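Geometric and topological summary
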Amino acid sequence: MTIVAIVPAAGKGRRMGRDKAFLDLGGTTAIERIAHSLLAAGVDELLVVRSHGAAPLPSLAIAHRIVLVTGEGDMADSLRAAESQLDASCATVVVLPVDHALVEADTIAAVAAQAMRTGTAIARPTFRGKPGHPVAMRREAFAAIRSPGIVLRDLVRMDWSKVRDVPTANAWVLADLDTPQDLESARAALAATPGSVVEHMRRHRSRRSYSPAPLMPGQLDRLVDAARYASTSSFIQAYAVVAVEDPVRKREVSKLCADQKHVLEAPVFVAICADLHKIAAACSQHGQTVQAQSFELFLQATIDAALLGQNLALACESEGLGICMIGAARNHPIELARLLQLPASCYVAFGMTIGTPTDEPLTRGRMPLAGVLHREVYEAARTATVLVGADVSMRDWAARCNEQGGYQGRLVNLDKGWTDRMAQLWGERSSYVAARANLVAELKSLGFDLR
Ligand SMILES: Cc1cc2nc3c(=O)[nH]c(=O)nc-3n(C[C@H](O)[C@H](O)[C@H](O)COP(=O)(O)O)c2cc1C
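Since we're looking at a predicted model, the values are computed, not measured.

**With respect to the overall build of the protein**
Assigned secondary structure in the protein consists of 17 helices and twelve strands. The principal-axis extents of the C-alpha atoms in the protein amount to approximately 85 × 50 × 45 Å. When the 451 residues of the protein are sorted by exposure, 47% land in the buried category. Contacts in the protein between residues at least 24 apart in sequence constitute 73% of all its contacts with a sequence separation of at least 6. Looking at the protein as shown, the accessible area adds up to about 22600 Å², and 55% of this sits on carbon and sulfur atoms. The averaged location of the 47 negative side-chain charges in the protein is 1 Å from the averaged location of its 49 positive side-chain charges.

**A closer look at the pairing of strand E2 (residues 45-51)**
Working note: regular strand, side chains alternate between the two faces of the sheet. Across the seven residues of E2, seven count as buried, placing the element largely inside the fold. Of the two faces of E2, the one carrying Glu45, Leu47, Val49 and Ser51 and the one carrying Leu46, Val48 and Arg50 are both buried. Judged from the five bridges that link them, strand E1 (residues 2-8) and E2 form a sheet pairing that is parallel. Paired with Val7 across the strands is Val48, a residue of E2. Crossover connection from E1 via helix H1 (residues 30-40) to parallel E2: handedness right-handed. Sheet topology note: the E2/strand E3 (residues 64-69) ladder contains six bridges and is parallel. The residue of E3 that forms the bridge with Val49 is Val67.

**Observations regarding the pairing of strand E4 (residues 90-95)**
Burial runs high along E4: five of the six residues are buried. The pairing of E1 with E4 spans five bridges and is classified as parallel. Paired with Ile6 across the two strands is Val95, which belongs to E4. Pairing of E4 with strand E7 (residues 135-138) involves four bridges; the strand directions are antiparallel. Its bridge partner lying in E7, Val93 is registered against Met137.

**Points about the side chain of Arg207**
Along the chain, Arg207 falls in the loop between helix H7 (197-202) and helix H8 (219-227). When neighbours within four sequence positions are excluded, Arg207 is seen to be in contact with Gly322, Ile323, Cys324, Thr353, Pro357, Asp359, Glu360 and Pro361.

**Observations concerning the sheet that holds strand E9 (residues 239-244)**
Sheet strands associate in pairs through backbone hydrogen bonding, adopting either a parallel or an antiparallel arrangement. The strand order E9-E10-E12-E11 describes an open sheet built from four strands, whose pairing is antiparallel. Of all the strands in the sheet, just E9 and strand E11 (322-326) have a single pairing partner and so form its edges. Neighbour-to-neighbour, the strand axes of this sheet turn through a mean angle of 25 degrees, independent of strand direction. Alignment of E9 against strand E10 (residues 268-275), held across six bridges, turns out to be antiparallel. Within the sheet, the bridge partner assigned to Val241 lies in E10 and is Ile272.

**A closer look at unusual backbone geometry**
The omega torsion of the bond from His133 to Pro134 falls at 5 degrees, within 30 degrees of zero and hence cis. When you line up the elements, Pro134 lands in the loop between strand E6 (130-131) and E7. In this structure, Phe235 is a non-glycine residue whose phi angle is positive, near 60 degrees. Relative to the helices and strands, Phe235 is located in the loop between H8 and E9.

**Some points on the environment of Ala189**
Its location among the elements puts Ala189 in helix H6 (residues 180-191). Take Ala189: its relative accessible area is 32%, and that puts it in the partly exposed class. With 164 residues separating them in the primary sequence, Ala189 and Leu25 have C-alpha atoms 9.9 Å apart.

**What to know about the site of the ligand**
In the region of the ligand, 13 residues are neighbours, and His204, Ser206, Arg208, Gly327 and Arg364 sit closest. Note that an oxygen atom of the ligand is positioned 3.4 Å from one of the backbone N or O atoms of Ala328. Contact between the ligand and Arg364: an oxygen atom at 2.6 Å from a side-chain N or O atom of the residue. In isolation the ligand offers 620 Å² of accessible surface; the protein chains occlude 69% of this area. Per-element tally for the shell around the ligand: the top contributor is E11, with three residues. When its residues are assigned to classes, the shell around the ligand shows four nonpolar, five polar and four charged.

**Some details on the domain arrangement of the protein**
Once the domains are mapped, the protein shows domain 1 (2-191), domain 2 (204-361 + 440-445) and domain 3 (369-416). Taking the mean C-alpha position of each, domain 1 and domain 2 sit 44 Å from one another.

**Some details on the nonpolar core**
Residues Leu312 and Ile354 are the most contacted members of the largest nonpolar core, which totals 57 residues. Of all the elements, helix H12 (residues 295-318) adds the most residues to this core, at nine residues. Those residues within four positions of Ile354 in sequence are excluded, and the remaining contacts are Tyr210, Leu215, Leu220, Ala266, Pro267, Val268, Val270, Leu312, Cys316, Leu321, Gly322 and Ile323.

**A closer look at the packing of aromatic side chains**
Going through the model one piece at a time under the given rule, you end up with six aromatic pairs. Here the aromatic rings of Phe298 and Phe448 are separated by 5.6 Å at their centres, their planes lie at 75 degrees, and the arrangement is edge-to-face. In this pair, Phe298 is assigned in helix H12 and Phe448 in the segment after helix H17 (439-445), connecting sequence segments 150 residues apart. With relative accessibility at 0%, the residue Phe448 sits in the buried group. Geometrically, the ring pair formed by Trp397 and Tyr407 is edge-to-face, given 4.8 Å between the ring centres and 75 degrees between the ring planes.

Thresholds, definitions, all that
Residues numbered from 1 in each chain as written. Predicted model: local features only at pLDDT ≥ 70, side-chain atom pairs only at ≥ 80, totals over all residues. Heavy atoms only, no water. Helix = DSSP H or I, 4+ residues; strand = E, 2+ residues; numbered from the N terminus. Buried < 20%, exposed > 50% of the residue type's maximum accessible area, 1.4 Å probe, protein only. Contact = heavy atoms within 4.5 Å. Areas by Shrake-Rupley, 256 points an atom, 1.4 Å probe, with all protein chains shown as cover. Lys, Arg positive; Asp, Glu negative; His and termini not counted. Charge placed at Lys NZ, Arg CZ, Asp CG, Glu CD. Pairing = 2+ DSSP bridges. Right-handed = clockwise from strand over helix to strand, strands pointing away. Axes fitted to C-alpha atoms, helices over the stretch in contact; angles between N-to-C directions. Near = heavy atom within 4 Å. Polar contact = N/O pair within 3.5 Å; in protein donor to acceptor, adjacent residues only side chain to side chain. Nonpolar A, V, L, I, M, F, W, Y, C, P; charged D, E, K, R; others polar. Domains from an automatic or database assignment. Core = buried A, V, L, I, M, F, W, Y, C linked by side-chain atoms within 4.5 Å. Phe/Tyr/Trp six-rings, centres within 6.5 Å; stacked < 30°, edge-to-face > 60°.

This is how it looks when you write it as structure tokens:
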């Protein structure tokens, strides 16, 4: 039995001055945000109600169908049209108008779960006692919308004994996105620290432009301290972080990292190192020699460093800072190790710029989840479809980037999807393979005598 969400989005958004499905909510359109929230809430299918001639929607994260209505379709007409399209398997309907794009997944999941409980037909979220959206209904209760003249409110009023309120802390269950002012406050709310860690993760964007403002006193120490609570293989803690703030040294770092402007501009560059030095010292203290030639130990140290690095990125972003990871730190590993005076058996796995961001890049999206999440066994049969999805999602992002002037100052080639780019990056003519041809030898000379 499935849960189907209906998103009425047939209006022209007159007061807003544009189609609300395409409102830009900090790099994601309203309809994309809704699709992600519904997917995360466990909804199986989305029916988007659109008017004839409305612009096509971008690709959405969740299985969806478009239901067309004539004119602008008021809410009740939109719901009637969607109701006629429900499959027999649909047991629960969630109505989420496009205006309520900021409602979080946990609210949707809580309301849908309440509607499925025995004795309940309809569940609606409340904020400070006032009911809002989305309204979740059992299929039978929703079917009453078929009668002409009936509106959503009437369904709720039919049998109060079967209506359950779900109190939430999310004010967006009440607020519409009706006017440009509503949109402004929605964007401001989205730019503030999100309540949920998952939502915060989904908002990540690499930032490549920074104000010169330094971090707050003690902030970096606090963030790195928190970041190192990442899991660590056998508790080896095989990492080190070298923070560079001195402008002269930062300029040298930037030169070694392909002259990337953001390395120079960010108030802090951190080198995230895979570090066997302390383990070597520990072994030596006990009359042993660290087995730095072990590929397993090299992997453990590199994985430890990556986990710390990603934790640090999230910690920074949670406090309003922006980051960009810098793999170009492996362009000249020996020179960088020398500049940072790294001891033997320590290399910079990657760098990271940290600071107050001044750019507003679009979120980049990712390939379809079906290419990443498999159940029980890896389903390689899906790959062809996933690649199509990856290309579509990359082209969507490129088109949206170009609308606002391009990516990193350049227009993105719309002809190239993700697959074209991978073939170019890692096929036979890979410039990365050529540029990093000496990496193993360089790592050897840094004390990782890999065999
Ligand atoms: C290990 C690693 C190294 C990276 N190196 C660089 C780099 O040298 N320069 C840069 O501008 N971005 C770099 N990136 C950022 C990626 O380009 C970026 O994460 C990717 O395009 C996805 O975009 P998003 O982070 O905005 O979602 C790196 C990312 C990772 C994970």
